Amino acid sequence: MNEYKEKKMSYGFYNSDFMTYNKLMCTEQGAQVLWKHKNNTYTLAWLLGEADDFKESGQYDIVVPDDGIVSVHWDHLQPITIPTV
């Protein structure tokens, strides 16, 4: 496997037309998300949308309180579903 294909697979992309399951794909801009850190702690954030290099990196831009805008790979983000009453 060539280096380029290995890089794309590491981001969850197998080719330019198909990508692995992305649980944020249908999440609207401004939605609340949880950012899962490597040490398994979570931070509440708001989704801005796909980062400029989304096709290559699989990252979304999020707004994190006290930190501002952060780009995070979708594997580390989880949408928050708020139950309706």
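Below: a short report on this structure.

The rules behind each value
- Residues numbered from 1 in each chain as written.
- Predicted model: local features only at pLDDT ≥ 70, side-chain atom pairs only at ≥ 80, totals over all residues.
- Heavy atoms only, no water.
- Pairing = 2+ DSSP bridges.
- Helix = DSSP H or I, 4+ residues; strand = E, 2+ residues; numbered from the N terminus.
- Axes fitted to C-alpha atoms, helices over the stretch in contact; angles between N-to-C directions.
- Phe/Tyr/Trp six-rings, centres within 6.5 Å; stacked < 30°, edge-to-face > 60°.
- Buried < 20%, exposed > 50% of the residue type's maximum accessible area, 1.4 Å probe, protein only.
- Core = buried A, V, L, I, M, F, W, Y, C linked by side-chain atoms within 4.5 Å.
- Contact = heavy atoms within 4.5 Å.

Description of the sheet that holds strand β3 (residues 32-36)
Now for step 1: Spatially, β6-β5-β4-β3-β7 is the arrangement adopted by the five strands of the open sheet, whose pairing is antiparallel. Since the sheet does not close on itself, it has two edges, and those belong to β6 (68-73) and β7 (77-79), each with one partner. Across the sheet, the mean angle separating the axes of adjacent strands is 45° when strand polarity is ignored.
Now for step 2: Judged from the six bridges that link them, strand β5 (residues 59-64) and β6 form a sheet pairing that is antiparallel. Paired with Asp61 across the strands is Ser71, a residue of β6.

A short note on the packing of aromatic side chains
Now for step 1: Under the counting rule described, the total for this entry stands at two aromatic pairs.
Now for step 2: Here the aromatic rings of Phe54 and Trp74 are separated by 6.1 Å at their centres, their planes lie at 40°, and the arrangement is tilted. Residue Phe54 is found in helix α2 (residues 54-57), and its partner Trp74 is found in the loop between β6 and β7; the two are separated by 20 residues along the sequence. Across this residue pair, the class does not change: Phe54 and Trp74 are buried.
Now for step 3: Three or more aromatic residues link up through ring pairs in this structure, and these residues are Phe54, Tyr60 and Trp74.

A short note on the nonpolar core
Now for step 1: If you look at the biggest cluster of nonpolar residues, it comprises 13 residues, and the most contacted ones within it are Val33, Trp35, Tyr60, Ile62 and Leu77.
Now for step 2: Secondary structure elements with two or more residues in this core: β3, β4 (42-50), β5 and β6.
Now for step 3: Of the residues forming this core, the biggest block, three residues, is contributed by β5.
Now for step 4: When sequence neighbours within four positions are dropped, the list of residues in contact with Leu77 reads Lys23, Leu24, Val33, Leu34, Trp35, Tyr60, Ile62 and Val72.

Focus on the pairing of β4
Now for step 1: Judged from the five bridges that link them, β3 and β4 form a sheet pairing that is antiparallel. Bridge assignment links Trp35 to a residue of β4, and that residue is Thr43.
Now for step 2: The hairpin turn running from β3 into β4, its antiparallel successor, is five residues long, and Asn40 in that turn takes a positive phi close to 65°.
Now for step 3: Inspection of the sheet shows β4 paired to β5 by four bridges, in the antiparallel sense.

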